[in-house]
Amino acid sequence: MEPAQIRQLMEDQLRHSRRLQARIQELEDERHAPLAVAGMSLRLPGGLDTPDAYWDFLRAEGTADSEIPEDRPGLRAAYDPVPGKPGRSYVDRAGFLSDIAHFDAEFFGISQREAKLLDPQQRMLLETAWEAMERAGIAVRRSDRLDVGVYLGMMASEYGERLADRSDLTRIDPYFTTGGGLCFGAGRISHVMGFRGPVLSVDTACSSSLSALHLAVRALRDGECRYALVCGSNLLLSAGLMVSLCQTRAVSPDGRSKSFLASADGYGRGEGVGALVLMRLDDAESEGRPVLATIRGSAVNHDGAAAGLTAPNGPAQQEVFRAALADARVGPGELGYVEAHGTGTALGDPIEVGALDEVVGAAVRERGVPLPIGSVKARLGHLEAASGIAAVIKTVLMLQHGEIPAALPDDGAELNPHIPWDRLALTVPRRARPWPLARKVAGVNSFGMSGTNAHVVLEAYEPAGRPAPAVTGRPELLTLSARDPVALAELVGAVSGYLKKTDEAQLPSLCHTLRTGRATFAHRIAVTGTTAGELADGLADGLVTAQNLAPAVARGESALRTVVLRFSGDETRLAEGLAELADAFPAAVAGQTGQERGPGGALARLVGRFGIRVRPERDTGAAEPARLEWESPDGTRSVPLVGHDHGTAPGLLLAALAGLFRAGADLRFGELGAAGTPLLGDLPTYPFQRKRFWIDEPPVGAGSAQQDAAVAGRRRGAPAPVDREAVRAYLMAELADALHASEEPDANGSFLDAGGDSMLSVLFITKVEENYRLGLTAEELPLDLPLGELFGRLADDIADQARTAAADGREQGV
């Protein structure tokens, strides 16, 4: 080859090698991509139900344990203060949630019958998952089929045990399975909210929720979903498990975990539910999501051939520490805090602390700044399957505030003597302190009784210095909605209170978040204003005259979908108005010049970009340059869109959109906000309405005679099949009974609107077939029809079958 050819070949190979190296680096970066924590929600002992309340609790003193609630008679009956008695528990305190019986079943479209049979964990998971999505600014609309994966850590579902009386199985119906199976805890979230990503329920005992988080991290990095809901849940309902743990002396007699203390004598049990919204950090930044902290890496392994199945394994924990740090690309000397598992057991704490020191000790000693460790179990109790999610939320709050709360009371209590504290580079803070290093990195550790260990590395989020959106002084549109008037009033009150303490510079973000980051419901308020005070006043006035949509509109059957834009021949003013709108809302007008179809057509296209069909009509006699019109139950509504006065078009557009929103239009407001407007994560969330759904524990030895009497008492006489109106009333009463509804469902709503589903339709038809012959099967029932029409069809079918039977000479048994 000629020298020039050789040179060219070498240059080509060099370029190819550089491309390969760049691609390898790109793939490696994707494998270690950081994740954003975009939203958090919780229900923890001590009445803690918001991240702010949790942080206040962490910075204060005291524990969250309490006596066994009155509604847990099985746990109370099993108690005996003398340890070791067969069949007895020596514990009468734990970290109990203040309320697990109440739930907003109607909000989630669940019938009263099913809600009563649902494990309260599933109910609270629905509420916390919804709140976490709202705090991430993600509107949950079932029709959108959001690319969300659900990863749930849950190890027990004990609520259904109160139905498992072998002498009486009549209380078991189809919801016994779906109400209590661990897989349904995660599956129900995805079903109710219409997600399409992976759904996994994880049970690795006490490391369940941290193991679930690890799976979510892998899924997000691999592109299996865009968003991930990571949840953890635990309730204490079974006397059996409590007795079993007491027989092994795993639980502390006073019901409290004494992490790292000489007085450690077992762990204190606790309840809790938590949810996190995760996504890739680059996606969160591009979407303007709140970023509360970042997850840098995670790892999971197993003890293997340890001393025992339930005994912790030091070498295995060292391995999972190292693997998580490697995945995070973080050195052991960069850790500023570790949230330990810290159960407060004589065996577990020394093994965990020793393993941690083996991994980080040398680097920490070299830097000269001790590594603080702590465990929230000393305050909340051990939440078992939910302990990891409670620990992660605590650590995120610490990273946000740059502060490490006291891990133990400053009362001089002796530390665990089996841990050589004087030789370790670790410390347990007894007073709050600032973060010890400039870079804020923390680890969260967890291990389960099954032998599964998990570790996660987090870091504080330091946003790039991008300028905040300029305060324009233009009007803002604020929208709120709820499923019922009571919830709307509560939401208005919460948002009004928030507005009173809001910096005016935050108004664009606040309004943008409430417009785009919340699902829309039937009862609505929309107001415009240029200051927080104006918006708060508008909400108060709007609540008095809030438009409650008719049932058909609420179901979307008659929702406003088309408007008419009437524009005059004043094209000069129309062009000026379009320019004003382009200046105020550039994203909504992007790509339009107003020349192709004239300014009237451009205005129609602009309004249409908010999700409604617009029919432009020229009206040379119009009083204003442009008006919007639509039909409402009260007649034709008409509002100006472009007036004669200069500079008024932006305010008129917002007022028109507010009117359309109140009238039931399904609008999308994404292009209304200025570029770079961030979403706020601490706004008030939906005020769920509380109704009690609870199955009392049956008395020991209850027989079936009482149940048979109760069933007989519910039977009702069926009218003659040819009496169509009486049959329709009978069918409505039977449906109400099947739903366990306190009142008859709305005849204008569908079977699905009433909370019914395919299983309930089978139960309903089976009950009807006890009295009538049907031609229609459960599978043929059109469940989306209004109940009045559906029961009319059934009544016709019943009458036809009776007439046919009579004509054939067969008797109809009624």
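Residues numbered from 1 in each chain as written. Predicted model: local features only at pLDDT ≥ 70, side-chain atom pairs only at ≥ 80, totals over all residues. Heavy atoms only, no water.

A word on a nonpolar patch on the surface. Judged by side-chain polarity, Met 1, Ile 6, Leu 9 and Met 10 come together as a nonpolar surface patch covering roughly 440 Å² of accessible area. Here Met 1 shows up in the segment before helix H1 (3–31). (Patch = residues over 30% accessible without salt bridge, like charges linked within 9 Å, V, L, I, M, F, W, Y side chains within 5 Å. Areas by Shrake-Rupley, 256 points an atom, 1.4 Å probe, with all protein chains shown as cover. Salt bridge = Lys/Arg side-chain N within 4 Å of Asp/Glu carboxyl O. Helix = DSSP H or I, 4+ residues; strand = E, 2+ residues; numbered from the N terminus.)

Viewed as axis vectors pointing N to C, helix H19 (residues 571–584) and helix H21 (residues 598–608) meet at an angle of 35 degrees, and their least axial separation amounts to 9 Å. Relative to H21, the crossing made by H19 is left-handed. Where H19 approaches H21, its residues Glu 571, Leu 574, Ala 575, Leu 578 and Leu 581 are matched on the opposing element by Pro 599, Gly 600, Ala 602, Leu 603 and Leu 606. A breakdown of the residues in the contact of H19 with H21 according to their chemical character gives eight nonpolar, one polar and one charged. (Axes fitted to C-alpha atoms, helices over the stretch in contact; angles between N-to-C directions. Left-handed = near helix turned anticlockwise from the far one by under 90°. Contact = heavy atoms within 4.5 Å. Nonpolar A, V, L, I, M, F, W, Y, C, P; charged D, E, K, R; others polar.)

Along the chain, Gly 331 turns up in the loop between helix H11 (314–328) and strand S10 (337–339). The partly exposed category is assigned to Gly 331, whose relative accessible area is 24%. Along the backbone, Gly 331 and Ala 363 are 32 residues apart, and their C-alpha atoms lie at a distance of 8.3 Å. (Buried < 20%, exposed > 50% of the residue type's maximum accessible area, 1.4 Å probe, protein only.)

Time to look at the confidence of the model for the protein. When pLDDT is averaged along the protein, the result is 88; 90% of the residues meet or exceed 70. Here residues 547–557 is a poorly scored stretch, pLDDT under 50, and it has 26 contacts once near neighbours within four places are set aside; other chains count. Ignoring residues within four places in sequence, the model shows residues 700–715, a span with pLDDT below 50, making 11 contacts including any to other chains. (pLDDT = per-residue confidence, 0-100.)

Moving on, we get to the sheet that holds strand S13 (residues 426–427). One open sheet accounts for 11 strands, arranged S6-S5-S7-S8-S1-S9-S16-S15-S10-S11-S13; its pairing is mixed. In this open sheet, the two strands that pair with only one neighbour each are strand S6 (199–202) and S13. Bridge count between S10 and strand S15 (residues 441–447): three bridges; the pairing is parallel. Note that in S15 the partner of Val 338 across the bridge is Gly 443. Where helix H7 (residues 182–193) meets the sheet, it contacts strand S5 (148–154), S6 and strand S7 (227–234), and its direction lies at approximately 150 degrees from that of S5. (Pairing = 2+ DSSP bridges.)

Bringing the side chain of Ser 207 into the picture now. Looking at where Ser 207 falls in the secondary structure, it is placed in the loop between S6 and helix H8 (208–221). Judged by its relative accessible area of 0%, Ser 207 falls in the buried class. For Ser 207, the side chain forms a polar contact with the side chain of Thr 204, separated by 2.9 Å. From its side chain, Ser 207 meets the backbone oxygen of Thr 452 in a polar contact 2.9 Å long. Among all residues touching Ser 207, those that are not within four sequence positions of it are Ser 446, Phe 447, Gly 448 and Thr 452. (Polar contact = N/O pair within 3.5 Å; in protein donor to acceptor, adjacent residues only side chain to side chain.)

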